[in-house]
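If you want the building blocks of each chain, they are given just below.
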Amino acid sequence: MYKLFIKPFLFLFNPEKAHHITFSLLRFFLCIPFAKQITSSLFVVKSNKLVRNIAGLSFPNPVGLAAGLDKNALLVDELACLGFGSIEIGTVTPKAQSGNDKPRLFRLPKDEALINRMGFNNDGASAAAIRLAKRRNKNIIVGGNIGKNKATPNESATQDYILCFNDLYEVVDYFVVNVSSPNTPNLRELQEKEPLTNILSTLQQENAKKKIPKPIFLKIAPDLTDTQLQDIVEIVIETKIAGVIATNTTISRDNLITSKQEVTDMGAGGLSGKPLTTRSTNVIKFLRSKLDKHIAIIGVGGIHSAQDAIDKLNAGADLIQLYTGFIYKGPALIKKINKRILSEIK
Ligand SMILES: Cc1cc2nc3c(=O)[nH]c(=O)nc-3n(C[C@H](O)[C@H](O)[C@H](O)COP(=O)(O)O)c2cc1C
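Residues numbered from 1 in each chain as written. Predicted model: local features only at pLDDT ≥ 70, side-chain atom pairs only at ≥ 80, totals over all residues. Heavy atoms only, no water.

Caption draft 1: Representation of the side chain of Thr 91 within the structure. By the secondary structure assignment, Thr 91 is in strand β4 (residues 86-92). Separated by 3.0 Å, the side chains of Thr 91 and Asn 178 make a polar contact. Once residues lying within four places of it in the same chain are set aside, the contact partners of Thr 91 are Lys 71, Phe 120, Asn 122, Asn 145, Ile 146, Gly 147 and Asn 178. (Helix = DSSP H or I, 4+ residues; strand = E, 2+ residues; numbered from the N terminus. Polar contact = N/O pair within 3.5 Å; in protein donor to acceptor, adjacent residues only side chain to side chain. Contact = heavy atoms within 4.5 Å.)

Caption draft 2: Spatial organisation of the site of the ligand. Around the ligand, the surrounding shell holds 24 residues, and the nearest of these are Ala 67, Thr 91, Lys 219, Gly 302 and Thr 324. Within the contact set of the ligand, an oxygen atom lies 3.1 Å away from a side-chain nitrogen or oxygen of Asn 178. In the model, an oxygen atom of the ligand is placed 2.9 Å from a nitrogen or oxygen of the Gly 273 main chain. Relative to its unbound accessible surface of 600 Å², the ligand loses 98% to contact with the protein. Residue assignment for the shell around the ligand shows that the elements contributing at least two residues are β4, β6 (113-116) and β11 (270-273). Its residues assigned to classes, the shell around the ligand shows eight nonpolar, 14 polar and two charged. (Near = heavy atom within 4 Å. Areas by Shrake-Rupley, 256 points an atom, 1.4 Å probe, with all protein chains shown as cover. Nonpolar A, V, L, I, M, F, W, Y, C, P; charged D, E, K, R; others polar.)

Caption draft 3: Here's a closer look at the pairing of strand β9 (residues 216-220). Burial of β9 is extensive: five of the five residues sit out of reach of the surface. On the question of chirality, the crossover connecting strand β8 (residues 174-178) to the parallel β9 by way of helix α7 (residues 193-208) is right-handed. Taken together, the four bridges between β9 and strand β10 (residues 243-246) define a ladder with parallel strand orientation. Residue pairing across strands places Lys 219 opposite Ile 245, the latter belonging to β10. Once the chain exits β9 it traverses helix α8 (residues 226-239) before rejoining the sheet at β10, and the crossover so formed is right-handed. (Buried < 20%, exposed > 50% of the residue type's maximum accessible area, 1.4 Å probe, protein only. Right-handed = clockwise from strand over helix to strand, strands pointing away. Pairing = 2+ DSSP bridges.)

The following block contains the structure:
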């Protein structure tokens, strides 16, 4: 149904318009009495064998929605009906901001990829918190992906992360520190040893003040060298955070089928989808070879098939997330992955 009707319809519109149409349709359709129950019965795979206890949280299945699709926590209950075990909202910043000028999202259908330079367009952390407080479906895990405002200089970035952390603390199950988006100028410099240690250790101090501290993950770029990845490993161990999300989008444009001219015309931004599959799996492999089993790895980047998901899990990921694969393959992919994971266990 998605492949034959919904995707061809949505791909008639520019990608950002298609995103808004999908959100409106999902919200409208799932308001109809029993629509949520019927949709859940079609897509949600329930089994104790799929449950993953990671970082003190019980994930009903290992397949999550990656950050960026529901930046403003507008549709958590609706997206939960499609079979995800977790949904990561954000990236949110302390203050609302409009992001980069449009167009800022592009499809590369031949590569099953996207290029985006959204630039953390979001309504602000407190707006997301108000929406999350009203969510009804408590069966899935919700993560809060946090960043800094564009106008905040890197030297003051820690304060932005603390503000978001406190705004969301009551309404999310885990946090993700995003220092790896290529679309906020100089943000990725925060992946360097000194600023990153400062952000994570300050957040951990704030976390320790809470009655129940929440797991904090770090989301990293796929473009880091082995030396930089080794630094990340040391920082993760030193700051005792829960784990790493690998990876965000890449700035590389290697090995694309789409013509060089078309790609150049799209301009700057992060590339996601199939061209990212191998690199992100290799980053997971590297991290797992250096990190103890109790430090969680969430694998994301180019999962477009059940086999891609299994490869990430075999590389050492405890959980996985999708974004671009979900756009190209639809919600059936989530069910396929969960069924395949079940069949591998038996
Ligand atoms: C349009 C778009 C917006 C995104 N926005 C965010 C974001 O706000 N924060 C973040 O951490 N990652 C963001 N991402 C990155 C995804 O969460 C994911 O890490 C990346 O796309 C690789 O996974 P994929 O190949 O399954 O898409 C975004 C990706 C896309 C395509």
